[in-house]
Amino acid sequence: MQLSLFDLHCDTACEMLAQRQPLGENHLAVSLAQAQDFTQYIQVMALWTDPALDNEAGWQRLRRMHANLLADPAVTQGRARMCGGCPARAPGVSLLLGVEDARVLDGRPERVAELAGLGIRILTPLWSGETCIGGAHDTRAGLTAFGRDALREAMALGMTVDISHASERSADDIFALAADAGRPVIASHSDAYAVCPVSRNLHPGQIRALLCAGGVIGINLYRRFLSRDGEATMEDVRRHIEYFLEQGCAGALCLGCDMDGAELPPDLPSLGALPRLAAYLRGWYPEDLICDLFFENAFRFAHRHLGAPQ
Ligand SMILES: [Zn+2]
């Protein structure tokens, strides 16, 4: 059975730098060696910086992470293609860039254009706590004035803004900004609050708002977002999928596995295990739905909103 994958979120770029691992073959959750079963594989690589670093050190770290990825042998030898927009439908591996936790902008508006210049296409503005951008999921705060200006600018530069990690108020602020800008909103790596009530998961109103805003939702494989006791398996992934389908998300549901940034279920330990998830889901859903979930929904979205590769 042919299977393509478009994954909306991983933290592999951070781990590649921190653990000095190449993309081709490594001991991380994501590697090209583990992607061999996919006909086409498109991966959004999020550049995330540890909050232990202050904003300025985080910004420098982000630049190093970006440079490290571009200098990786898999990229320089063309086995993984860096894309500034949606790649064409063709076999092979393509990488798109995101930034997770835009606090590293550090109140400096000119950095938004610098991110665009680095090829960042997806912006996950928040991560934890209150920052110069606004409040994350563990707070009640909305966006700051700087956060609103920065996200307006990011949208104007064609970036897609992500509500994963946002507080409810920040998410509302993002929806309002995106509506003004005529831009979609996504939740790149979040599950359903109704199935697992943690602050990182999506409320029914947010799911409706994402659908209205033309967005997509990436199912996160982090054990504690899948099940309350953290003892998650593929069955819990299916429970979230089932709930999202009941909410009318068949055309918007994707994967945002959060690999190399999350503790994964024991039966889904790495990228190479995802074909097994597809095989499991074939026991429940038609092949079309599995293709939509693994690839087509994200591909359609990217084609429409991320532009052609540059
Ligand atoms: Zn995250």
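Refer to the structure presented above.
Residues numbered from 1 in each chain as written. Predicted model: local features only at pLDDT ≥ 70, side-chain atom pairs only at ≥ 80, totals over all residues. Heavy atoms only, no water.

K.L.:
What is the right way to read the packing of aromatic side chains from this model?
P.N.:
Each aromatic ring pair is specified by the distance between its two centres and by the angle formed by the two planes. Taken as a whole, this structure holds six aromatic pairs when the rule is applied. One aromatic cluster in this structure is built from Phe6, Phe295 and Phe299. The residue whose ring lies beneath Arg238 is Trp284, and the NZ or CZ to ring-centre distance is 3.5 Å. (Phe/Tyr/Trp six-rings, centres within 6.5 Å; stacked < 30°, edge-to-face > 60°. Lys NZ or Arg CZ within 6 Å of the ring centre and 35° of its normal.)

K.L.:
I would appreciate a short explanation of the packing of helix 6 (residues 168-181) against helix 7 (residues 204-212) in the present structure.
P.N.:
For any two helices packed against each other, one specifies the inter-axial angle together with the distance between the axes. Orientation of helix 6 relative to helix 7, taken along the N-to-C sense of each, is 20°, at an axis distance of 11 Å. Between helix 6 and helix 7, the angle is such that the two are roughly parallel. By crossing handedness, the relation of helix 6 to helix 7 is classed as left-handed. Contacts between helix 6 and helix 7 involve Glu168, Ala171 and Phe175 on the former and, on the latter, Gln206, Ala209 and Leu210. For the contact of helix 6 with helix 7, the per-class residue count stands at four nonpolar, one polar and one charged. (Axes fitted to C-alpha atoms, helices over the stretch in contact; angles between N-to-C directions. Helix = DSSP H or I, 4+ residues; strand = E, 2+ residues; numbered from the N terminus. Parallel < 35°, antiparallel > 145°, perpendicular 65-115°, else oblique. Left-handed = near helix turned anticlockwise from the far one by under 90°. Contact = heavy atoms within 4.5 Å. Nonpolar A, V, L, I, M, F, W, Y, C, P; charged D, E, K, R; others polar.)

K.L.:
I would appreciate a short explanation of the state of the cysteines in the present structure.
P.N.:
Working definition: the covalent bond between the sulfur atoms of two cysteines is a disulfide. Here the structure, examined in full by the defined rule, presents zero disulfides. As a non-bridged cysteine, Cys10 has Cys14 as the owner of its nearest cysteine sulfur, 8.1 Å distant. Among the residues examined, Cys10 registers a relative accessible area of 0% and is labelled buried. (Disulfide = S-S within 2.5 Å. Buried < 20%, exposed > 50% of the residue type's maximum accessible area, 1.4 Å probe, protein only.)

K.L.:
What is the right way to look at the environment of Asp180 in this model?
P.N.:
Tracing the backbone through its elements, the reader meets Asp180 in helix 6. Exposure remark for Asp180: the relative accessible area of 72% places this residue in the exposed category.

K.L.:
Would you explain the environment of Val237 in this entry?
P.N.:
Topologically, Val237 is positioned in helix 9 (residues 234-246). On a C-alpha basis, the gap between Val237 and Met259 in space is 14 Å, while along the polypeptide they are 22 residues apart. Beyond its immediate chain neighbours, meaning those up to four positions away, Val237 contacts Ile219, Leu221, Leu226, Leu268 and Leu277.

K.L.:
What exactly am I supposed to notice about empty space enclosed by the protein here?
P.N.:
A water-sized probe, rolled over the atoms, reveals where empty space remains. Within the structure shown, the criterion is met by one cavity of 30 Å³ or more. Lining the largest cavity are Leu8, His9, Val44, Ala46, Gly98, Val99, Glu100, Ile122, Thr124, Asp162 and Ser188. Residue assignment for the lining of the largest cavity shows that the elements contributing at least two residues are strand 1 (5-10), strand 2 (40-48), strand 4 (92-100) and strand 5 (120-124). Broken down by element, the residue count for the lining of the largest cavity peaks at three residues, all from strand 4. (1 Å grid on protein atoms, 1.4 Å probe; cavity = no way out; pocket = protein on both sides within 12 Å on 5 of 7 lines; lining within 4 Å. Points joined across faces, edges and corners; volume = space filled by probe spheres on them.)

K.L.:
Sorry, what's going on with the environment of Glu287 here?
P.N.:
Relative to the assigned elements, Glu287 resides in helix 11 (residues 287-305). Along the backbone, Glu287 and Thr12 are 275 residues apart, and their C-alpha atoms lie at a distance of 29 Å. Those residues in contact with Glu287, other than ones at most four positions away along the chain, are Met1, Gln2 and Arg282. For Glu287, the side chain forms a polar contact with the side chain of Arg282, separated by 2.6 Å. (Polar contact = N/O pair within 3.5 Å; in protein donor to acceptor, adjacent residues only side chain to side chain.)

K.L.:
Explain unusual backbone geometry here, please?
P.N.:
Glycine aside, the phi torsion of most residues is negative, and most peptide linkages are trans. Phi at Arg20 takes a positive value of approximately 50°, unusual for a residue other than glycine. Assignment of secondary structure puts Arg20 in the loop between helix 1 (12-18) and strand 2.

K.L.:
I keep staring at the packing of helix 2 (residues 55-70) against helix 4 (residues 110-117) and nothing clicks. Help me out?
P.N.:
At a minimum axis distance of 12 Å, the contact between helix 2 and helix 4 shows a crossing angle of 15°. The angle between helix 2 and helix 4 falls in the class roughly parallel. Seen from above, helix 2 lies across helix 4 with left-handed handedness. Counting all contacts with helix 2, which are made through Glu56, Trp59, Leu62 and Arg63, the residues of helix 4 involved are Arg111, Glu114 and Leu115.

K.L.:
Help me out: how do you make sense of the coordination of the zinc ion in this one?
P.N.:
Within the protein, the zinc ion binds to Glu100 (OE), His165 (NE2) and His189 (NE2); these donor distances fall in the range 2.0 to 2.2 Å. Each donor residue of the zinc ion belongs to the same chain, with the gaps between them written as E-x64-H-x23-H. Within this pair, whereas His165 is found in the loop between strand 6 (160-162) and helix 6, its partner His189 is found in the loop between strand 7 (185-186) and helix 7, the two being separated by 24 residues in sequence. Given a relative accessible area of 0%, His189 falls into the buried group. (Donors = N, O, S within 2.8 Å, 3.2 Å for Na, K, Ca; no water.)

K.L.:
I keep staring at the nonpolar core and nothing clicks. Help me out?
P.N.:
In a soluble, globular protein the nonpolar side chains are often hidden away together inside. Counting residues in each nonpolar core, the largest one holds 90 residues, and the members touching the most others are Leu115, Ile163, Leu274 and Phe294. In this structure, Ile163 is in contact with Ala171, Ile174, Phe175, Val185, Ile186, Ala187, Leu202 and Leu210, ignoring residues within four places of it in sequence. Core analysis: the second largest hydrophobic core is formed by 17 residues, Ile42, Phe299, Phe301 and Leu306 among them. (Core = buried A, V, L, I, M, F, W, Y, C linked by side-chain atoms within 4.5 Å.)

K.L.:
Is there a simple way to think about helix 5 (residues 145-156) in this case?
P.N.:
Think of an α-helix as turning once every 3.6 residues; residues three or four places apart then point the same way. Its twelve residues give helix 5 an end-to-end C-alpha distance of 17 Å, which sits within 8% of 16 Å, the value for a rise of 1.5 Å per residue. Along helix 5, the residues that are buried comprise Phe146, Gly147, Ala150, Leu151, Ala154 and Met155. Each buried residue of helix 5 sits inside an arc of 165° when the element is viewed along its axis, so together they form one side. The outward face of helix 5, more than 90 degrees from its buried face, is lined by the exposed residues Ala145 and Ala156. Buried residues along helix 5 sit in contact with helix 4, strand 5, strand 6 and helix 6. Among the residues trailing helix 5, Gly158 stands out with phi positive, at a value near 90°. (Expected span 1.5 Å × (residues − 1). Arc of directions from axis to C-beta.)

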